[in-house]
Amino acid sequence: MEREHSSFYKEERSPRYNAREVALKRAELENIPLILSSETPSMESYWNVHENNFLEAELNAGEERENLLKKTIIDMTKEKSKKKIISYELQQAISGSLKNKRQVVLFLNKRGFSSFMICSQCGHIPKCPDCNTSLSYHLDIQKRAQLICHNCGKRAKVTNVCVKCGSKEIRPLGMGTQKLESEIRKMFTRAGIRRLDQDSLIKDDDYRQILEEFNQGKTDILIGTQMVLKGVDFDNVDL
Ligand SMILES: [Zn+2]
Ligand SMILES: [Zn+2]
């Protein structure tokens, strides 16, 4: 299974399933080996390797690569503030890199501000009227909130009242690159920060320009989705 981390394997409509999990179950039932491949493995697969449920095979294994890639999983449940989305350890590591004039790339495989909206009274989640996918919460350039369907592109207004039960306790949940950007901006007010994802590209030239600014060292922290994995010069990046 190629690009096992891909969100395309996840069915957002009912019945909800992840094709990766289906493939794993099928491999188990039929007793056949399954190879999952990815340049950026999913948290689930990374955890399964950690717990020895999966065997890890690296394409260019070797000491140099081992030294190059130091992976750390941080248990956020141990954080003092439960509302924080950036751990103390990561915050310290970013500060350290910035002090040493090194660059930081923050990768998050979810665009938008939050994953979806949910009513805390009845659990209702606003869905796309056309394809029934959960709508994602986005902010536009003027920082106005809107809901976008990642499956068919339909846009909808943000509702402040739950259409199902009338409660006003409906709010965004989960984290996307826009929310990560706003948190990072609050934390590192003097750093040069850019975001690279589908929503940050407005003009044709934006993609090239954001990458060029980063590769020339004008950007300190680059935040983005899968897009940051291609074309970024990682020479001056150590986090
Ligand atoms: Zn849709
Ligand atoms: Zn409700």
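Note that the structure is a prediction, hence the values are computed from the model and not measured. (Residues numbered from 1 in each chain as written. Chains lettered and ligands numbered in written order. Predicted model: local features only at pLDDT ≥ 70, side-chain atom pairs only at ≥ 80, totals over all residues. Heavy atoms only, no water.)

> So, the overall build of the protein chain: which residues are in play, and what are the values?
A tally of regular secondary structure across the protein chain gives 6 helices and 10 strands. For the protein chain, with 239 residues in total, the buried portion stands at 31%. In the protein chain, of all internal contacts separated by at least 6 residues, the share reaching a separation of at least 24 is 58%. Carbon and sulfur atoms provide 50% of the accessible area of the protein chain, an area that totals close to 16,300 Å². Distance between charge centroids for the protein chain: 9 Å, based on 39 positive and 34 negative side chains. (Helix = DSSP H or I, 4+ residues; strand = E, 2+ residues; numbered from the N terminus. Buried < 20%, exposed > 50% of the residue type's maximum accessible area, 1.4 Å probe, protein only. Contact = heavy atoms within 4.5 Å. Areas by Shrake-Rupley, 256 points an atom, 1.4 Å probe, with all protein chains shown as cover. Lys, Arg positive; Asp, Glu negative; His and termini not counted. Charge placed at Lys NZ, Arg CZ, Asp CG, Glu CD.)

> How would you summarise the coordination of the zinc ion (ligand 1) if you had to cite specific residues and measurements?
The coordination sphere of the zinc ion (ligand 1), as far as protein atoms go, consists of C128 (SG), C131 (SG), C149 (SG) and C152 (SG), spread over 2.3 Å. For the zinc ion (ligand 1), the 4 donor atoms in the first shell make angles of 98 to 123° at the metal, a pattern classed as tetrahedral. Look at where the donors of the zinc ion (ligand 1) fall in the sequence and you get C-x2-C-x17-C-x2-C. Across this residue pair, the class does not change: C128 and C131 are buried. (Donors = N, O, S within 2.8 Å, 3.2 Å for Na, K, Ca; no water. Tetrahedral: all angles 85-135°; square planar, octahedral: opposite > 155°, others 65-115°.)

> Explain the coordination of the zinc ion (ligand 2) to me, and be specific about the residues and the numbers.
Around the zinc ion (ligand 2), the protein contributes the donor atoms C119 (SG), C122 (SG), C162 (SG) and C165 (SG), at 2.3 to 2.4 Å from the metal centre. For the zinc ion (ligand 2), the 4 donor atoms are set out with angles of 106 to 113° between them, so the coordination reads as tetrahedral. Sequence spacing of the donors to the zinc ion (ligand 2): C-x2-C-x39-C-x2-C. The class of C165 is partly exposed, set by a relative accessible area of 38%.

> Just give me the short version of the pattern of salt bridges, but keep the residues and values in it.
Applying the stated criterion to the full structure yields 21 salt bridges. The partner of R195 in a salt bridge is D197, and the shortest N-O contact between them spans 2.9 Å. Judged by its relative accessible area of 12%, R195 falls in the buried class. You can call D197 buried: its relative accessible area is 0%. Close ionic contact of E212 with R208 constitutes a salt bridge, the shortest N to O distance being 2.5 Å. (Salt bridge = Lys/Arg side-chain N within 4 Å of Asp/Glu carboxyl O.)

> Give a description of the nonpolar core that names residues and reports values.
In this structure, I94, L106, L180, I184, F188, I221 and I223 are the most contacted members of the largest nonpolar core, which totals 13 residues. Among the elements of the structure, α4 (88–99), β3 (104–107), α5 (177–187) and β10 (221–224) are those that each provide at least two residues to this core. With sequence-adjacent residues up to four places away left out, F188 is seen in contact with Q91, I94, S95, L98, I193 and I221. (Core = buried A, V, L, I, M, F, W, Y, C linked by side-chain atoms within 4.5 Å.)

> Summarise α4; cite the residues concerned and give the values.
The first and last C-alpha atoms of α4 sit 17 Å apart over 12 residues, in line with the 16 Å expected at 1.5 Å per residue. For α4, the full list of buried residues reads I94, S97 and L98. All buried residues of α4 project into a common sector of 100° when viewed along the axis, lining one side. Of the residues trailing α4, K101 is marked for its positive phi of about 60°. (Expected span 1.5 Å × (residues − 1). Arc of directions from axis to C-beta.)

Nothing here speaks to function; it is geometry throughout.
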